[in-house]
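The primary structure of each chain is shown beneath.
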Amino acid sequence: MFDVDGTLSPPRQQMTSQFSDFFFNWMTDKKVYLVSGSDISKLRQQVPDNILNKTSGIFASSGNSFYINGNELQYSKSFSPTRELLDYLNDHLNHKSKYKLRFGSHIESRPGMINFSVVGRNANKEQRNDYHLWDMQNKERDQIAKHIRDNFPSIEAVLGGEISIDIYPKGNDKSQVLEYIDADSYVFFGDKMKPGGNDHSLAKELEQKTNFSLYGVTDFENTWKILKSIYSEVDCNNKGCESCECR
Ligand code: M1P
């Protein structure tokens, strides 16, 4: 199981062609699931079709929608935020936030969840980066997420990428994907596994299993390095391959 933004690609960017070529070959003979906070349309912009089609399944919107064979929808959940929650978010956006730049698309509705961003999902790379650096110093997203958790007991709010917060009913997080994946052992790669991050719920649930491995990565290059060092060598040896890409 792989998170996407920050794990297989830079946040909100495409996988590099070198890594996607490697990953496509590496997937052969493995059951690979993608588990992203993003919705399916963003995921399709970032991950090439040949990889999507080769997965055993794609969980988008934090496991609130599920596709097999690249594009066959298996289920999609819904979420209608309460007026109180929307009022809190709009009040923060329009009056309380100390970050003043706005680029549009601040509350995005996705299957089973909403995504909230003060700077806005329309921010370009530089604008996104500027907010991200500011937020790392000022911890605005941590404070918003904590406020939501403390004041809306049925709602979970977690940080996924660089500029936004994923918000959904408690339990409708990435851990729900385990209801749909039956395996003897599980391996999960994610960049937000610590408490407050959107990979944490799945990591915590996996810790209840007997056979699991968790890889908290810093970026996609880190994922690549781990796949090469831990897994590819086994594959190459098994297949007796002389010119494996991983060598
Ligand atoms: O998949 C990780 C996150 O990617 C995006 O985050 P951001 O735009 O903040 O960098 C969002 O799609 C977010 O929902 C998702 O969790």
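Residues numbered from 1 in each chain as written. Predicted model: local features only at pLDDT ≥ 70, side-chain atom pairs only at ≥ 80, totals over all residues. Heavy atoms only, no water.

### Some words on the pairing of strand E5 (residues 107-110)
Burial along E5 is one-sided: the face carrying Glu108 and Arg110 is buried and the face carrying Ile107 and Ser109 is not. In this sheet, strand E6 (residues 113-116) lies alongside E5 in antiparallel orientation, the contact comprising four bridges. Pairing of Ile107 across the sheet is with Phe116, part of E6. What sits between the antiparallel neighbours E5 and E6 is a turn of two residues, in which Gly112 has the positive phi angle 75 degrees. (Buried < 20%, exposed > 50% of the residue type's maximum accessible area, 1.4 Å probe, protein only. Helix = DSSP H or I, 4+ residues; strand = E, 2+ residues; numbered from the N terminus. Pairing = 2+ DSSP bridges.)

### Thoughts on the packing of helix H5 (residues 125-138) against helix H6 (residues 140-151)
Remark: H5 packs on H6, axes separated minimally by 6 Å, with the N-to-C direction vectors making an angle of 65 degrees. Comparing the axis directions of H5 and H6 gives the class roughly perpendicular. Residue-level inspection shows Tyr131, His132, Trp134, Asp135 and Asn138 of H5 in contact with H6, the latter providing Glu140, Arg141 and Gln143. Of the residues in the contact of H5 with H6, the class split is two nonpolar, three polar and three charged. (Axes fitted to C-alpha atoms, helices over the stretch in contact; angles between N-to-C directions. Parallel < 35°, antiparallel > 145°, perpendicular 65-115°, else oblique. Contact = heavy atoms within 4.5 Å. Nonpolar A, V, L, I, M, F, W, Y, C, P; charged D, E, K, R; others polar.)

### Some details on the domain arrangement of the protein chain
Domain boundaries assigned for the protein chain yield domain 1 (17-77 + 172-239) and domain 2 (83-169). Here domain 1 and domain 2 have C-alpha centroids that lie 25 Å from each other. Contacts between the two partners involve 16 residues from domain 1, matched on the other side by 13 residues from domain 2. Its largest share of buried area at the contact with domain 2, domain 1 owes to Asn172, Gly196 and Asn198, together 33% of the area lost on that side. Connecting domain 1 to domain 2 are two salt bridges. With a closest N to O distance of 3.9 Å, Arg110 and Asp39 form a salt bridge. Taken together, the residues of the side of domain 1 that touches domain 2 break down into no nonpolar, eleven polar and five charged. (Domains from an automatic or database assignment. Buried area = accessible area lost by both parts, 1.4 Å probe. Salt bridge = Lys/Arg side-chain N within 4 Å of Asp/Glu carboxyl O.)

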